[in-house]
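Chains, contacts and geometry: an overview
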Amino acid sequence: MMTSDTNEKINAQVIAVFPDKVKIVVEDLEHFKVAEESLKVGSYLKIADNENAVLIAVIENFQISVGEGVQNYIIEAFPLGVLRNGKFERGGDSLAIPPKEVVPATIEDIKKIYEDTVNPVESFTFSHLASNKEVAVPINGNKFFNKHIAIVGSTGSGKSHTLAKIIQKATSEKHEDFHLNNSHVIVFDVHSEYKTAFPNANYIDISNLILPYWMLNSEELEEFFLDTEANDHNQRNIFKESIIFDRKQKFTGDEDDKQKIHLDSPILFDINEVLNFSKFKNTEQIDTGEVYASGDKKGQPKLNQGSLYGKLTNFINRLENKINDKRLDFFLGEKSKNITFEETLQNLLGFTPKKESNITIIDLSGVPFEVLSITVSLISRLIFEYGYIYKKLRCIENPEEKINNDAPILLVYEEAHKYVPNSDLSKYRSSKLSIERIAKEGRKYGVTLLLASQRPSEISETIFAQCNNFIAMRLTNPVDQAYVRKLLPDSLGSLIDKMTSFKQGEALLVGESIILPSIVQIEPCSIAPSSNDIPYWELWKNKWKDIDISKIKTEWHK
Ligand SMILES: Nc1ncnc2c1ncn2[C@@H]1O[C@H](COP(=O)(O)OP(=O)(O)O)[C@@H](O)[C@H]1O
Ligand SMILES: [Mg+2]
């Protein structure tokens, strides 16, 4: 369907073709347009060759060339891909040279490209073209969620809204009429933003979060309880020995299983028993069997100091501080000792009977900074291991099983640079380790990551390199821009330069799930996440407001 008048008189001609650029001369711009659609930077062109292939290119700039009394327009366009026999192929290299004809593409042409390339049952839409809101941009929902996703953009560019929009759509789409669909999303929410956007979510914050310390694996246990820098073998041995001893004491299963208990077994032990044992060892005196023959202690048994006498004082102090720290109650308190393994998983996955929900929001804003990494690590690892075990079970039950996980999970990390930074500091070690593992292997077990960050250059490269779908919003920091540029395919041409000037909610959508890299406007969410914007100017204009400092003190000291 080419517009006809250009056939009669050649008005536009391709004068140069490069892998990443097509140059076109137009004599009369007035005649080089589609009815009622004015051409602008970002409009699409169709360039046909002699072999029934049509290259779709997007206009990057216009120039005017003046010479010998004629004024020509030169259009530079970026080749997006070739339409051949109704099928779209990425890239522009397969066009036969020289191209025959060039015309502007109609909205219908563009719509057709997007629609025809996604199978309707797989189609997932949350945006439209930024240059034309009539053109919805469907993507392949299977490919989108099946591979890790990154949303990057400076603060205020629209990351949180985009995230909320995607999850709102994902949790509301249904094949038939039922209450909950089978989507499973867990959001790590550092700024308490998402409760408003998901009023029916399974909401976990510091007031109802119960996370058992006894589920930590050996590395996490050591990171949390030991002074790892000191590298003290005595500490480590006593710690390990007392945990395994107490686990075996409390274990009620059969003897064979009991013997297999080790430091990584996610089985209850009492941290106070570890403290008691350490105190005992720190003050232990061993009877030599002799008695004092003279002096003050005459007749009393002679005692030797135990091998660890006085050597565990630092460890004991450290442990006592933690056990007595009220802020760590969610982790070390009585509730953490009483909760079962099953309850913990049900809570985190949103599978609590009668309270099932598609989305679990884990509000981390009240979690003390020094335990943030371990909290995120433990939860992430539990979800990963759950996926692993679930797959194993499914394969045992049915060796022919092709789908590893029939209730796949999306794990969402807001401000991902806070848990998986490009840094080797030990305080990030465990969260980095568990999330990197999901980045590398999660897909096999139905666990996908969605990472949002305003500082992409500060995120672990291992993790970013595994992302297949990118939503790049306005990004102003040059270091971050350069970093994102490196991660994205090289064939994006100047599309990528637009990143600096995007409006709120505009994004460059690139990846396996989308047929063309596209600059889109994300649809507004049905209910917005809560904003951190404080209307200073409005508030400052109000009458002086008194603050109850004693109430603040009470809360502070809680
Ligand atoms: N898709 C969108 N459409 C319209 N406005 C948006 C969109 N996304 C974000 N905004 C606006 O931009 C502001 C910042 O968005 P937000 O998602 O909080 O950004 P970020 O998480 O990147 O800091 C929001 O308050 C909202 O008003
Ligand atoms: Mg945000």
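Predicted, not measured: the structure shown is a model, and the values here were computed from it. (Residues numbered from 1 in each chain as written. Chains lettered and ligands numbered in written order. Predicted model: local features only at pLDDT ≥ 70, side-chain atom pairs only at ≥ 80, totals over all residues. Heavy atoms only, no water.)

Our next topic: the domain arrangement of the protein chain. Each assigned domain of the protein chain is listed here: domain 1 (5–116), domain 2 (144–209 + 340–496) and domain 3 (218–296 + 304–322). Summarising the inter-unit geometry, the C-alpha centres of domain 1 and domain 3 are found 75 Å apart. (Domains from an automatic or database assignment.)

A regular strand places its side chains so that they alternate between the two faces of the sheet. Across the 5 residues of strand 16 (residues 409–413), 5 count as buried, placing the element largely inside the fold. Burial along strand 16 is two-sided: Ile409, Leu411 and Tyr413 and Leu410 and Val412, pointing in opposite directions, are all buried. Across 5 bridges, the pairing between strand 11 (residues 184–189) and strand 16 is parallel. Within the sheet, the bridge partner assigned to valine 187 lies in strand 16 and is valine 412. Relative to strand 17 (residues 447–453), strand 16 is paired through 5 bridges, and the arrangement is parallel. Opposite isoleucine 409, over in strand 17, you have valine 447 as the bridge partner. This β-α-β element, strand 16 to helix 14 (residues 429–441) to strand 17, shows right-handed connectivity. (Buried < 20%, exposed > 50% of the residue type's maximum accessible area, 1.4 Å probe, protein only. Helix = DSSP H or I, 4+ residues; strand = E, 2+ residues; numbered from the N terminus. Pairing = 2+ DSSP bridges. Right-handed = clockwise from strand over helix to strand, strands pointing away.)

A few words on the site of ligand 1. What surrounds ligand 1 is a group of 13 residues, the closest being Gly156, Lys159, Ser160, His161 and Ile522. One of the backbone N or O atoms of histidine 161 is found 2.8 Å from an oxygen atom in ligand 1. A distance of 3.4 Å is found between a nitrogen atom of ligand 1 and a side-chain nitrogen or oxygen belonging to glutamine 521. Considered on its own, ligand 1 offers 550 Å² of accessible surface; in the complex 74% of this is hidden by protein. Elements supplying a minimum of two residues to the shell around ligand 1: helix 4 (159–172) and strand 20 (518–522). It is helix 4 that contributes the most residues to the shell around ligand 1, 3 residues altogether. Residues belonging to the shell around ligand 1 are distributed by class as follows: 1 nonpolar, 10 polar and 2 charged. (Near = heavy atom within 4 Å. Polar contact = N/O pair within 3.5 Å; in protein donor to acceptor, adjacent residues only side chain to side chain. Areas by Shrake-Rupley, 256 points an atom, 1.4 Å probe, with all protein chains shown as cover. Nonpolar A, V, L, I, M, F, W, Y, C, P; charged D, E, K, R; others polar.)

Looking now at the sheet that holds strand 10 (residues 148–152). The strand order across the open sheet built from 11 strands is 9-8-20-19-18-10-17-16-11-15-12, with neighbouring strands paired in mixed fashion. Unpaired on one side and paired on the other, strand 9 (132–140) and strand 12 (202–204) mark the two borders of the sheet. Averaged over neighbouring strand pairs, the angle between their axes works out to 30° when direction is ignored. Strand direction decides the pairing type here: strand 10 and strand 17, joined by 4 bridges, are parallel. (Axes fitted to C-alpha atoms, helices over the stretch in contact; angles between N-to-C directions.)

Once that is clear, we can look at the packing of helix 6 (residues 233–250) against helix 8 (residues 271–283). Axis separation between helix 6 and helix 8 bottoms out at 9 Å; the angle between their running directions is 130°. Considered as vectors, helix 6 and helix 8 are oriented oblique to each other. Two packed elements cross with a definite hand, and for helix 6 against helix 8 that hand is right-handed. Within the contact between the two elements, helix 6 uses Ile238, Phe239, Glu241, Ser242, Ile243, Asp246 and Lys250 and helix 8 uses Glu273, Val274, Phe277, Ser278 and Lys281. In the contact of helix 6 with helix 8, the residues fall into 5 nonpolar, 2 polar and 5 charged. (Parallel < 35°, antiparallel > 145°, perpendicular 65-115°, else oblique. Left-handed = near helix turned anticlockwise from the far one by under 90°. Contact = heavy atoms within 4.5 Å.)

For the largest pocket, the calculated volume is near 1300 Å³. Taken together, 33 residues form the lining of the largest pocket, with Gly141, Asn142, Phe145, Asn182 and Pro408 sitting closest to its centre. Put simply, the parts of the chain that give the lining of the largest pocket at least two residues each are strand 8 (123–129), helix 3 (141–146), helix 4, strand 11, strand 16 and strand 17. Considering only residue class, the lining of the largest pocket consists of 12 nonpolar, 13 polar and 8 charged. Quantified by volume, the second largest pocket comes out at close to 570 Å³. Contributing to the lining of the second largest pocket are 24 residues, with Gly156, Gly158, Ser160, His161 and Glu193 lying nearest its centre. Contributing elements (two or more residues each) for the lining of the second largest pocket: helix 4 and strand 20. Take the lining of the second largest pocket: its biggest share by element is 4 residues, from helix 4. Class assignment of the residues belonging to the lining of the second largest pocket gives a composition of 3 nonpolar, 15 polar and 6 charged. (1 Å grid on protein atoms, 1.4 Å probe; cavity = no way out; pocket = protein on both sides within 12 Å on 5 of 7 lines; lining within 4 Å. Points joined across faces, edges and corners; volume = space filled by probe spheres on them.)

What follows concerns the packing of helix 12 (residues 341–349) against helix 13 (residues 369–397). It is the contact of helix 12 with helix 13, at a shortest axis distance of 11 Å, that shows an interaxial angle of 100°. In terms of orientation, helix 12 and helix 13 fall into the roughly perpendicular class. Note on element contacts: helix 13 touches helix 12 through Ile379, Leu382, Ile383 and Tyr386, opposite Thr344, Leu345, Leu348 and Leu349. Residue composition of the contact of helix 12 with helix 13, grouped by class: 7 nonpolar, 1 polar and no charged.

Moving on, we get to a nonpolar patch on the surface. On the surface, Ile534, Tyr536, Trp537, Leu539 and Trp540 cluster together to form a nonpolar patch covering roughly 660 Å² of accessible area. Mapping tryptophan 537 onto the fold places it in helix 17 (residues 536–540). With a relative accessible area of 59%, tryptophan 537 lands in the exposed category. (Patch = residues over 30% accessible without salt bridge, like charges linked within 9 Å, V, L, I, M, F, W, Y side chains within 5 Å. Salt bridge = Lys/Arg side-chain N within 4 Å of Asp/Glu carboxyl O.)

Moving on, we come to unusual backbone geometry. The residue lysine 354 is not glycine, and still its phi comes out positive at about 70°. Relative to the assigned elements, lysine 354 resides in the loop between helix 12 and strand 15 (359–363). Note on lysine 354: relative accessible area 82%, which makes it exposed. Although it is not a glycine, glutamate 415 sits at a positive phi angle of roughly 55°.

What follows concerns the environment of histidine 262. Among the secondary structure elements, histidine 262 is positioned in the loop between helix 7 (255–259) and helix 8. Taking relative accessible area as the criterion, histidine 262 reaches 39% and is therefore assigned partly exposed. Once the C-alpha coordinates of histidine 262 and tyrosine 390 are considered, the two residues, 128 residues apart in sequence, prove to be 22 Å apart. Excluding residues that lie within four positions of it along the chain, histidine 262 makes contacts with Ile244 and Arg247. Separated by 3.1 Å, the side chain of histidine 262 and the backbone nitrogen of aspartate 264 make a polar contact.

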